[in-house]
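Descriptive structure summary
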Amino acid sequence: MKYLTKSRFKQALECPTKLFYTRKSDEYADVSNEDSFLQSLAEGGFQVGELAKFYFHDNPIEEKITIETRDYEKAIAQTKEMLARPGRVVIAEAAFKYKNLFVRIDILVKDDDMISIYEVKAKSWNVEKDSFFDKKKSKIKSKWQPYVYDIAFQKYVVSNSLQNGDIKTYLTLVDKTKKSDLDGLNQFFTIEKFDGNTLVKVKDGLRRSDLGKVKLLININVDDECFKIQSEFPVPTDLGEAIIFPDFVQRCSDMYENNIRTQVSIGKKCKDCQFKNTKN
């Protein structure tokens, strides 16, 4: 089965035709994989992701809260096993599927029967100035759409997978108003390359108490935004002006699984498309 993952979903939001191009490197090279600037941004995101684990758990490395396997079914099975544990449970990279949709959650916290999911981003947030909505609360601001629609997709999959409509949802962002009270914080999380993959090496024996008193990340609840995305706002897509979220997800899922190329209007966005035809 070809799963529509959250990365594929984000590509579909940018342009549905990308679902046909993706994972066909012999025909359509993905130049974003060769972009050193994008890679440096991703590496910063990996470091923030590791830092976030310590804000949710004092000893995430030794306690092995991260589901490491890349096998979909094994990851799902490990997630179920960890969720069955009593009391508070913290899971990094928790895996869920619904139909042929699949997501990994950056951080999941289970407190008894309450489940909260957190999408961690190396993007700054100003508590006093920033908002995800436009002034009329009629849509998500364009600069925040990739992030808020991403977590809305995750909530959609997890809610349907667990048959639980009360999943609490957060974006975890860099708090612009805070400064670290600790020098050399980044040295606790160093970037390493292994077999072409980027890994973050966490300092041996690191604990939450070693990271200073100032918490540099902030959790922003986006339940209201997710509700409006899933129930009220038309999806900003070339697939149709008034398509609603569940229909958009289903259509993207069908297109990806059945290798359907959907032609959308050509515009300025096509100039910057990361997929290039290698046959010419």
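In what follows, the accompanying structure is described. (Residues numbered from 1 in each chain as written. Predicted model: local features only at pLDDT ≥ 70, side-chain atom pairs only at ≥ 80, totals over all residues. Heavy atoms only, no water.)

**Observations concerning the overall build of the chain**
To keep it simple, the criterion reads: Helix numbers and strand numbers start at the N terminus; a helix is a DSSP run of H or I with at least 4 residues, a strand a run of E with at least 2. Relative accessible area decides the class of each residue, using a 1.4 Å probe on protein chains only: under 20% of the type maximum gives buried, over 50% gives exposed, and in between gives partly exposed. In what follows, a contact means two residues having at least one pair of non-hydrogen atoms within 4.5 Å. Every accessible area reported is derived by Shrake-Rupley at a probe size of 1.4 Å, with residue values counting cover from the shown protein chains alone.
Within the chain, the secondary structure is distributed over seven helices and nine strands. Burial statistics for the chain: of 280 residues in total, 46% are counted as buried. Excluding contacts between residues fewer than 6 apart, the proportion of contacts in the chain whose partners are at least 24 apart in sequence is 68%. If you sum the accessible surface of the chain, you get close to 15500 Å²; carbon and sulfur atoms cover 48% of it.

**Some thoughts on the packing of aromatic side chains**
Heads up, the rule is: Stacked, tilted and edge-to-face pairs are distinguished by plane angle, under 30 degrees for stacked and over 60 for edge-to-face with tilted covering the rest, among Phe, Tyr and Trp rings (Trp via its six-membered ring) whose centres lie within 6.5 Å. Charge-over-ring contacts are defined here by two conditions on Lys NZ or Arg CZ: a distance within 6 Å of the ring centre and an angle within 35 degrees of the ring normal.
Inspection of every chain in the model, using the stated rule, returns 16 aromatic pairs. Geometrically, the ring pair formed by Phe132 and Trp144 is edge-to-face, given 5.0 Å between the ring centres and 90 degrees between the ring planes. In this pair, Phe132 is assigned in the loop between β4 (114-125) and α5 (145-162) and Trp144 in the loop between β4 and α5, connecting sequence segments 12 residues apart. Residue Phe132 shares its accessibility class with Trp144, and that shared class is buried. Through pairs of rings, three or more aromatic residues link up here, namely Phe9, Tyr98, Phe153, Tyr156, Phe245 and Phe248. Seen from the ring of Tyr256, Lys2 lies directly overhead, with NZ or CZ sitting 4.4 Å from the centre. Here the basic side chain of Lys123 rests over the ring of Trp144, its NZ or CZ set 5.1 Å away from the ring centre.

**Examining the pairing of strand β5 (residues 168-175)**
Stated precisely, the cut-off is as follows: Any two strands with at least two DSSP bridges between them are considered paired. Every crossover in which the path from the first strand over the helix to the second runs clockwise, viewed with the strands pointing away from the viewer, is termed right-handed.
Among the eight residues of β5, six are classified as buried, and the element is accordingly described as predominantly covered. Both β4 and β5 contribute to a ladder of seven bridges, which runs parallel. Paired with Ile117 across the bridge in β5 is Thr169. With α5 bridging β4 and the parallel β5, this β-α-β connection has right-handed handedness. The sheet contact formed by β5 and strand β8 (residues 217-221) spans five bridges and is antiparallel. Bridging from a neighbouring strand, Thr172 pairs with Asn219 of β8.

**As for the environment of Asn186**
With respect to the secondary-structure elements, Asn186 resides in the loop between β5 and β6 (189-194). Under the relative-accessibility criterion, Asn186 is labelled exposed at 53%. The spatial distance from the C-alpha of Asn186 to the C-alpha of Val202 is 9.9 Å, given a sequence separation of 16 residues.

**Quick notes on the sheet that holds β5**
Counted only if it meets this: Here, axes are lines fitted to C-alpha atoms. For helices the fit covers the stretch in contact, and angles between N-to-C directions go from 0 to 180 degrees.
Reading across from one edge, β2-β3-β4-β5-β8 is the order of the five strands in this open sheet, with mixed pairing throughout. With partners counted over all chains shown, the strands left at the sheet margins are β2 (88-98) and β8, one partner each. Going from strand to strand, the sheet's axes swing by 40 degrees on average, the running direction of each strand aside.

**Some points on the packing of helix α1 (residues 6-14) against α5**
Here is the rule: Oblique is the label for any angle not under 35 degrees, not over 145, and not in the 65 to 115 range, which are roughly parallel, roughly antiparallel and roughly perpendicular in turn. Left-handed describes a crossing in which the near helix is turned anticlockwise from the far one by less than a right angle; the clockwise case is right-handed.
With their axes 10 Å apart at the nearest point, α1 and α5 run at an angle of 135 degrees to one another. On the basis of their axis angle, the class for α1 and α5 is oblique. Considering how the two elements wind past one another, α1 and α5 form a crossing that is right-handed. Every residue of α5 that contacts α1 at Lys6, Phe9, Lys10 and Leu13 is listed here: Pro146, Tyr149, Asp150, Phe153 and Gln154.

**Describing the packing of α1 against helix α7 (residues 245-257)**
Angle between the axes and distance between the axes are the two parameters that describe a pair of packed helices. Our working definition: Amino acids are sorted into nonpolar (Ala, Val, Leu, Ile, Met, Phe, Trp, Tyr, Cys and Pro), charged (Asp, Glu, Lys and Arg) and polar (every other residue, Gly among them).
Two elements in contact, α1 and α7, have axes separated by 11 Å at closest approach and are oriented at 105 degrees. The orientation of α1 relative to α7 falls into the category roughly perpendicular. On the side of α1, the interface is formed by Arg8, Phe9, Ala12 and Leu13, while α7 contributes Phe245, Phe248, Val249, Cys252 and Tyr256. Here the contact of α1 with α7 is built from residues that sort into eight nonpolar, no polar and one charged.

**Focus on the pattern of salt bridges**
In plain terms, the rule: Here, a salt bridge means any side-chain nitrogen of Lys or Arg that lies within 4 Å of a carboxyl oxygen of Asp or Glu.
Applying the stated rule across the entire model yields 17 salt bridges. Between Arg207 and Glu62 there is a salt bridge; the shortest N-O distance is 3.5 Å. With a gap of 145 residues between them, Arg207 in the loop between β7 (197-202) and β8 and Glu62 in the loop between α3 (36-56) and α4 (72-83) connect regions that are remote in the sequence. With relative accessibility at 25%, the residue Arg207 sits in the partly exposed group. Residue Glu232 pairs with Lys228 through a salt bridge whose shortest N-O separation is 3.3 Å. For Glu232, a relative accessible area of 43% translates into the label partly exposed.

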